[in-house]
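A structural walkthrough
Below are the chains, spelled out letter by letter.
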Amino acid sequence: MDLLIFQVPILMVQASLDGALLGILFALIAYGMALQWGVMNIINIAQGEMVILGGYIAYTMYVMGIHPAYGVIVSPIIMYFIGWLLYKLVINRVVDRDLFISILATFGISILTQQLMNFIFGADVVVAQSNFGTTLLFDGMVTLPNAKIFSALISIIFATGLVLYMKKSKLGRAIRATSQNARAAKILGVDTERVYATTFGINAALCGVAGALISITFTLHPYVGLPYTVRSFMIVIIAGLGNLPGVALSGMGLGVFEEFSDYILGTEFRVGSVFTLLVLILVYRRFRLSRKREYLE
Amino acid sequence: MVSTGYCCSSGIGSSGKRAIDKLKINHDYGGGKMLKIFRKTLVATLAVVALMATTVAQARVDGNTITLGAAVSETGKYSTNGKHTRNGYNLAVKRINEMGGVTVGGKSYKFKITYYDDESNSGRAAQLAERLIKQDGVKYMLGPYSSGLTKAIAPVTEENKIPMVEANGASRSLFTKGYKYLFAVLSAANQYLEVAIDLAVEKNGGKPVKIAMAFEQDAFSQDVRLGIVEAAERTGSKIIIDDKLPKELNDMAATLAKVRATRPDVLVVSGHSKGALTAIRQISEMKVDVPMLAMTHCDASKLAKQHGKKSEYALCAAQWHKSLSYSDRFFGDGKKFDSDFTNEYGYAPPYQAAESAAALLVWKAAFERANSFDTKKVRDALALTDMQTFYGNIKFSNAGQNIAKPMVLFQVRCEGNKCENKVVAPTKWASAELVHPIPKWSDR
């Protein structure tokens, strides 16, 4: 156990800000997953690979001499169509089936995407440079990369846009209706097939945005998608399905928790501590649920 | 090719099952008939075994060709480094064959390599080594890319008493298991960054230093870490941060914030290409000042190209650099190898390609010294290797580790926006003076 963070309290500020900025970015990926899980009842194992593919789109722009930040506009557009196409080719065949079948199908997509990215972009680890600079706080003792601040702002803009779209637009309402009861929505004239395709496309587009942001804040490699899938899965589990504000809070909370456990327990326990937290939350929920049942009886 | 293996083994399995069924049925009719079938089966088995034995004898040296076997990654996460490995092997085979090949018993032989794609997967690599040895009859092996895959193949070659010269497995654990048929032309992982600690102590007026380090949790990086721990003990230096980075993590912000708060004299990072790129990205973004930064995989990650001036002054460990003055009659010196390789494959050779080419030079010399194709004799000749190649001196310890070649340290240096690697240690080959301490970010 390392007590450095208590001896140098300014590290707490750094840890909280780093964690929150990281968490917001993860929450954006989790938003897409929650939406698609809620509407289509599909757990997308290929979520991380879609993020990385989005990142490669931004990276390709960077190689062509365009600033990778423009990737947050181009990448979601391309990814929307890729998502839509994937729905028409694969997902629509598994959407009403057993959850296990859809997990297998998306697992297949994930392997295929990894190998295709490896084939097209190569197995090298790559980064895109934003050259956004750094914000110095507290006399340089706390430093925040502007690329991370930019990522958090863009994530908030897209997440807010999504919430408004779901509330105000006609298609957004159709998506919500389908998520509540697909059969009833169909009877009332909602084209559920179109709703599903759009939902999958929106999720892919959000992954595209997140990927473009990751290309300028972290690194890209065809095989690093899985941690993003797992992280977004955890955020959704903790927040609960259909709870979009919960996703943002749970993303940030997990980010901060992760940073603090890194300082206190050591970097090697960073991922482990997040998983332990997940187990504790699930056990606590089950405990609460069982008490509720007893009360009802 | 791979599917044939599965097809044949399942074929043997089903025919075997049929034979057993037949035996079961015949059991009811009496012993005589059963004995006949048993004899027939025995003769057939012996015939197959004899046929396999002749195929094996033919395959190791066929006509005037010596076949070497290698499982190297064409797909998966090691595919780029697998390509460097293959290109290094191929260039050396081409050069040796052009220059008269290998002379054994007064006759000239050419090298040929049988390759399989190990898919960057250790299970697959071990399977393919079995296949190369048992089915293709390969008697002499070349190593795959990475410590992990070499560790998977070594037990197979050892069990079959097949000598393997490997060029891309540096993990120390390869040399502690008592392997007799494994020979590595490269320096072991624990030697990678020891020199950096010695340098830091030297620059500190011979006094011990404070070390911060972050290593990925894989066999190779942890071996590099062990080297640092030993160097720290040797010099009386103190390790103040010792972080183990999870494999899936590409965020080092917490480690770097701790570095800023504790002000060590040297920061050591090793976590393959991802670790090197993440470290430079976050050190430059978080404006973390350290007097010395030592890393691995700067070459493989194209650090100077990808991060440009941000990577300036980083110290990097490398097995080889083109500016070293070693030479041999096949490739000349490092610069000549660099230009020949670039002409052939269209890119400058990273050290992975150079060490792979050196493995073939070792094989050639061993065959000629053994003057035989007997694996035992060739193995003994390999063990006595003591030679110079363009890549460096090669002499094996009893464990098969190359003990004649030191690691080199280079420092990324930039002129304008053009950055390149300049050798700074050992001083014998230094092409530039070490810049120490690294200028502060506020002055850069």
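Residues numbered from 1 in each chain as written. Chains lettered and ligands numbered in written order. Predicted model: local features only at pLDDT ≥ 70, side-chain atom pairs only at ≥ 80, totals over all residues. Heavy atoms only, no water.

1. Side note on the overall build of chain B
The number of helices and strands found in chain B is 13 helices and 18 strands. With 444 residues in all, chain B has 57% of them scored as buried. Taking contacts inside chain B between residues at least 6 apart in sequence as the whole, the part at least 24 apart equals 67%. Total accessible area computed for chain B in this model is approximately 18300 Å², and 54% of it derives from carbon and sulfur atoms. (Helix = DSSP H or I, 4+ residues; strand = E, 2+ residues; numbered from the N terminus. Buried < 20%, exposed > 50% of the residue type's maximum accessible area, 1.4 Å probe, protein only. Contact = heavy atoms within 4.5 Å. Areas by Shrake-Rupley, 256 points an atom, 1.4 Å probe, with all protein chains shown as cover.)

2. A few points about the pattern of salt bridges
Taken as a whole, this structure holds 23 salt bridges over all chains when the rule is applied. Residue Asp124(A) pairs with Lys302(B) through a salt bridge whose shortest N-O separation is 2.8 Å. Of this pair, Asp124(A) sits in the loop between α5 (99-121) and β1 (134-137) while Lys302(B) sits in the loop between β11 (292-295) and α10 (303-307), which puts the two residues in different chains. Note on Lys302(B): relative accessible area 36%, which makes it partly exposed. Its salt-bridge partner being Lys148(A), residue Asp251(B) comes within 3.9 Å of it at the nearest N-O pair. Separated into two different chains, Asp251(B) in the loop between β9 (238-245) and α8 (253-262) and Lys148(A) in helix α6 (residues 146-168) make up a pair that spans both. Accessibility classification places Asp251(B) together with Lys148(A) in one group, the buried group. One salt-bridge network, held together by shared partners, links Lys148(A), Arg231(A), Glu258(A), Glu259(A), Asp262(A), Arg270(A), Asp243(B), Asp251(B) and Lys258(B). (Salt bridge = Lys/Arg side-chain N within 4 Å of Asp/Glu carboxyl O.)

3. A closer look at the nonpolar core
The nonpolar side chains of a soluble globular protein tend to be buried, and buried together. With 154 residues, the main nonpolar core has Phe111(B), Tyr192(B), Leu193(B), Leu293(B), Met295(B), Trp363(B) and Phe367(B) as its most contacted residues. Broken down by element, the residue count for this core peaks at 14 residues, all from helix α12 (residues 351-370) of chain B. Built from parts of two domains, this core gets at least three residues from each of domain 2 (63-187 + 324-395) and domain 3 (191-318 + 407-443) of chain B. Contacts of Tyr192(B), omitting those with residues within four sequence positions, involve Ala170(B), Ser187(B), Phe220(B), Val224(B), Thr296(B), Ala317(B), Gln319(B), Tyr351(B) and Met407(B). In this structure, Val39(A), Ala128(A), Ile154(A) and Ile238(A) belong to the second largest nonpolar core, which totals 73 residues. (Core = buried A, V, L, I, M, F, W, Y, C linked by side-chain atoms within 4.5 Å. Domains from an automatic or database assignment.)

4. Observations regarding the environment of Val8(A)
Mapped onto the secondary structure, Val8(A) falls in the loop between α1 (4-7) and α2 (10-40). Between the alpha carbons of Val8(A) and Phe158(A) there is a distance of 36 Å; along the sequence they are 150 residues apart.

5. Some thoughts on the pairing of β1(A)
Examined bridge by bridge, β1(A) and strand β2 (residues 142-145) of chain A share four bridges and lie antiparallel to one another. Within β2(A), the residue paired with Thr134(A) across the bridge is Pro145(A). (Pairing = 2+ DSSP bridges.)

6. What about the packing of aromatic side chains?
Aromatic ring pairs are described here by two measures, namely the spacing of the ring centres and the angle between the planes. This structure, assessed with the given rule, holds 26 aromatic pairs over all chains. Between Tyr59(A) and Tyr62(A), the ring centres sit 6.2 Å apart and the planes meet at 40 degrees, which makes this aromatic pair tilted. With Tyr59(A) and Tyr62(A) both in helix α3 (residues 47-63), this residue pair falls three residues apart, about one helical turn. Of the residues examined, Tyr62(A) reaches a relative accessible area of 27% and is grouped as partly exposed. An aromatic cluster is present here, built from Trp320(B), Phe331(B), Phe337(B), Phe341(B), Tyr345(B), Tyr347(B) and Phe390(B) joined pairwise through their rings. Taking NZ or CZ as reference, Arg444(B) lies 3.9 Å from the ring centre of Trp441(B), over its face. (Phe/Tyr/Trp six-rings, centres within 6.5 Å; stacked < 30°, edge-to-face > 60°. Lys NZ or Arg CZ within 6 Å of the ring centre and 35° of its normal.)

7. Here we look at a nonpolar patch on the surface
Taken together, Met64(A), Ile66(A), Tyr70(A), Ile73(A), Val74(A), Ile77(A), Ile78(A), Phe81(A) and Ile82(A) make up a surface patch of nonpolar side chains, about 850 Å² in accessible area. Among the residues examined, Ile78(A) registers a relative accessible area of 37% and is labelled partly exposed. (Patch = residues over 30% accessible without salt bridge, like charges linked within 9 Å, V, L, I, M, F, W, Y side chains within 5 Å.)

8. Brief notes about the sheet that holds strand β18 (residues 418-425) of chain B
Residue and element names in this part refer to chain B. Pairing is mixed across the open sheet formed by seven strands, whose spatial order is β9-β8-β10-β11-β12-β17-β18. Each end of this open sheet is capped by a strand with a single partner; those strands are β9 and β18. Neighbour-to-neighbour, the strand axes of this sheet turn through a mean angle of 25 degrees, independent of strand direction. Judged from the five bridges that link them, strand β8 (residues 210-216) and strand β10 (residues 266-270) form a sheet pairing that is parallel. In the strand pairing of β10, Ala214 is matched with Val269. Along the sheet face, α8 touches β8, β9 and β10 and points at about 170 degrees away from the line of β9. Strand contacts of helix α9 (residues 272-286): β8, β10 and β11, with the helix running at about 160 degrees to β11, the strand carrying the most contacts. (Axes fitted to C-alpha atoms, helices over the stretch in contact; angles between N-to-C directions.)

9. Comments concerning a positive patch on the surface
Residues and elements named next belong to chain A. Taken together, the side chains of Lys167, Lys168, Lys170, Arg173, Arg176 and Arg194 make up a positively charged region of the molecular surface. Of all the elements in the fold, those that place two or more residues in the positive patch are α6 and α7 (170-180). Take the positive patch: its biggest share by element is three residues, from α7. Among the secondary structure elements, Arg173 is positioned in helix α7. (Lys, Arg positive; Asp, Glu negative; His and termini not counted. Charge placed at Lys NZ, Arg CZ, Asp CG, Glu CD.)

10. Details of the packing of helix α10 (residues 226-239) of chain A against helix α11 (residues 244-265) of chain A
Residue and element names in this part refer to chain A. It is the contact of α10 with α11, at a shortest axis distance of 8 Å, that shows an interaxial angle of 120 degrees. Accordingly, the angle class assigned to the pair α10 and α11 is oblique. Crossing angle aside, the handedness with which α10 passes α11 is right-handed. Side by side, α10 and α11 meet where Arg231, Met234, Ile235, Ile238 and Ala239 of the first sit next to Gly246, Val247, Ser250, Gly251, Leu254 and Glu258 of the second. Residue classes in the contact of α10 with α11 are distributed as six nonpolar, three polar and two charged. (Parallel < 35°, antiparallel > 145°, perpendicular 65-115°, else oblique. Left-handed = near helix turned anticlockwise from the far one by under 90°. Nonpolar A, V, L, I, M, F, W, Y, C, P; charged D, E, K, R; others polar.)

11. Digging into helix α13 (residues 375-383) of chain B
Every buried residue belonging to α13(B) is among Thr375(B), Val378(B), Arg379(B), Ala381(B) and Leu382(B), and all of these are buried. All buried residues of α13(B) project into a common sector of 160 degrees when viewed along the axis, lining one side. (Arc of directions from axis to C-beta.)

12. Digging into the interface of chain A and chain B
Reports of interface size often rely on the accessible area that becomes lost once the parts have come together. If you look at the interface, chain A gives 44 residues, while chain B gives 37 residues. Between chain A and chain B, the buried area comes to about 3200 Å², and carbon and sulfur atoms account for 51% of it. Together, Val125(A), Thr267(A) and Glu268(A) form the three largest contributors to the area buried by chain A at its contact with chain B, with a combined 16%. At the boundary of chain A with chain B, the tally comes to four salt bridges. Its residues assigned to classes, the side of chain A that touches chain B comprises 23 nonpolar, 13 polar and eight charged. (Buried area = accessible area lost by both parts, 1.4 Å probe.)

13. Focus: the side chain of Ser270(B)
All names here are of chain B. Among the structural elements, Ser270 can be located in strand β10. Here Ser270 falls in the buried class, since its relative accessible area comes to 1%. When near neighbours in sequence (up to four residues on either side) are disregarded, Ser270 contacts Ala214, Phe215, Glu216, Phe220, Ser221, Val224 and Thr296.

14. Regarding α6(A)
Its 23 residues give α6(A) an end-to-end C-alpha distance of 32 Å, which sits within 8% of 33 Å, the value for a rise of 1.5 Å per residue. Taken together, the buried positions of α6(A) are Ala147(A), Lys148(A), Ser151(A), Ala152(A), Ile154(A), Ser155(A), Ala159(A), Leu162(A) and Met166(A). (Expected span 1.5 Å × (residues − 1).)

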